[in-house]
Protein chains: 2
Amino acid sequence: MEKSPKPTDAELAILRVLWQRGPSTVKQVQQVLEATKKAGYTTVLKFMQIMVEKGLVTRDESPFAHVYQARVPREQTQRTLVADLLERAFEGSTSRLLLQALATKKATPEELAEIRKILKNHERGIQ
Amino acid sequence: MEKSPKPTDAELAILRVLWQRGPSTVKQVQQVLEATKKAGYTTVLKFMQIMVEKGLVTRDESPFAHVYQARVPREQTQRTLVADLLERAFEGSTSRLLLQALATKKATPEELAEIRKILKNHERGIQ
DNA sequence: TAAAGTCAACGAATATTTTCGTAATGAATA
DNA sequence: TATTCATTACGAAAATATTCGTTGACTTTA
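Residues numbered from 1 in each chain as written. Chains lettered and ligands numbered in written order. Predicted model: local features only at pLDDT ≥ 70, side-chain atom pairs only at ≥ 80, totals over all residues. Heavy atoms only, no water.

A. Broad picture of the protein's contact with DNA strand C. Lining the immediate surroundings of DNA strand C are 18 residues, of which A:Thr8, A:Thr43, B:Tyr41, B:Gln49 and B:His66 lie closest. Within 4 Å of the protein, atoms of DNA strand C come from sugar and phosphate in 65% of cases. Within the side chain of A:Thr43, a nitrogen or oxygen atom sits 3.3 Å from a phosphate oxygen of DNA strand C. Between DNA strand C and B:Gln49, the relevant distance is 3.0 Å, taken from a phosphate oxygen to a side-chain nitrogen or oxygen of the residue. Of all the secondary structure elements, the ones that give two or more residues to the surface near DNA strand C are α1 (9-21) and α3 (41-54) of chain A together with α2 (26-36) and α3 (41-54) of chain B. Ranked by residues supplied to the surface near DNA strand C, first place goes to α3(B) with 5 residues. Here the surface near DNA strand C is built from residues that sort into 6 nonpolar, 7 polar and 5 charged. (Near = heavy atom within 4 Å. Polar contact = N/O pair within 3.5 Å; in protein donor to acceptor, adjacent residues only side chain to side chain. Helix = DSSP H or I, 4+ residues; strand = E, 2+ residues; numbered from the N terminus. Nonpolar A, V, L, I, M, F, W, Y, C, P; charged D, E, K, R; others polar.)

Encoded structure:
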């Protein structure tokens, strides 16, 4: 079983791009990131090298441009992060977490429907 | 309106003690923390001094032992943290957040009932 | 008043995260 | 082959977070 270390902010931002785009070169990732954060090429490269060492991504050393790929699944990382926040800030209470999540961000009716569905599925699973 | 900077891990651990115990001295906080983390007295003191500077806590400079108190409300801090996580890891999707939260931690029937209640209240508020 | 104890202040040391300058490599091309 | 271009490698610098040793102030008590 793999350990899934908690990625830093910068690492998570890179993972998000890889999850969304699939395997990408440093340049491709950097171009996406420079829109929001202003991260230079070597900065992004450095992080991706660190992430290879940590096992967060794999690198395909293709002839010219190396192609990187997320090694940790999105959902697993999300679970790690939300479990961490639950413990650190909510004393483990999922209901409190949801309460504050809804308080900061008005969910659309579609989101609410989705939440109800998740809840229903979860209850069925528990029976 | 106050800004509510995201507390670091160590700062959040101290805030949790203050939220739970109410106004406390450094020693009292340190005694609670050394059970879980092994934080020395001066370490805790240093953080609490930093937190005064950042405006996270206030200090009552009583005759002998200074008494510290959380200045940021628990719920506001929780909202800041969950909003941050929503953006950084869930593309803003509250339903995804809940899904993964339920996936990591089996909610008790009471928790589920609580969650349903929160959802119902929230829907009523939206109408 | 002296000694011992308690606590805060200060600053240094360490660790971690983030950023980027510069050099090296290898391919394409003039 | 020499030059240019795109990319990676290396390592240092800067920023931030964490930890703690030491000093000094004040209180109590012997």
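Following the structure, the description resumes.
B. Layout of the packing of α1(A) against α3(A). Residues and elements named next belong to chain A. Relative orientation of the contacting elements α1 and α3 amounts to 90°, with a least axis distance of 10 Å. Relative to α3, the element α1 is oriented roughly perpendicular. Between α1, through Ala10, Glu11, Ile14 and Leu15, and α3, the contact on the second element is made entirely by Val44, Phe47, Met48, Ile50, Met51 and Lys54. Taken together, the residues of the contact of α1 with α3 sort by class into 8 nonpolar, no polar and 2 charged. (Axes fitted to C-alpha atoms, helices over the stretch in contact; angles between N-to-C directions. Parallel < 35°, antiparallel > 145°, perpendicular 65-115°, else oblique. Contact = heavy atoms within 4.5 Å.)

C. Region of interest: the protein's contact with DNA strand D. Around DNA strand D there are 18 residues in total, and A:Tyr41, A:Gln49, A:His66, B:Thr8 and B:Thr43 lie nearest to it. Within the side chain of A:Lys46, an N or O atom sits 3.4 Å from a base nitrogen of DNA strand D. With respect to DNA strand D, the side chain of B:Thr8 contributes an N or O atom lying 2.6 Å from a phosphate oxygen. If you list the elements that add at least two residues to the surface near DNA strand D, you get α2 (26-36) and α3 of chain A together with α1 (9-21) and α3 of chain B. No other element matches α3(A), which puts 5 residues into the surface near DNA strand D. Residue composition of the surface near DNA strand D, by class: 6 nonpolar, 7 polar and 5 charged.

D. Main features of α1(A). For α1(A), with 13 residues, the first-to-last C-alpha span of 19 Å sits near the 18 Å given by 1.5 Å per residue. A:Glu11, A:Leu12, A:Ala13, A:Ile14, A:Leu15, A:Val17, A:Leu18 and A:Trp19 are the residues of α1(A) that are buried. Summarising the contacts, the buried residues of α1(A) are in contact with α2, α3, β1 (57-60), β2 (67-70) and α4 (74-90) of chain A together with α4 (74-90) of chain B. Looking one or two residues beyond α1(A), the residue adopting positive phi is A:Gly22, at roughly 80°. (Expected span 1.5 Å × (residues − 1). Buried < 20%, exposed > 50% of the residue type's maximum accessible area, 1.4 Å probe, protein only.)

E. Quick peek at the nonpolar core. Ranked by size, the top nonpolar core spans 52 residues in total, and within it A:Leu97 and B:Leu97 carry the most contacts. Once residues within four sequence positions are removed from consideration, B:Leu97 is found in contact with A:Val82, A:Leu97, A:Ala101, B:Val82, B:Leu85, B:Leu86 and B:Phe90. A:Leu98, A:Ala107, A:Ile115 and B:Leu119 belong to the second largest nonpolar core, which has 14 residues in total. (Core = buried A, V, L, I, M, F, W, Y, C linked by side-chain atoms within 4.5 Å.)

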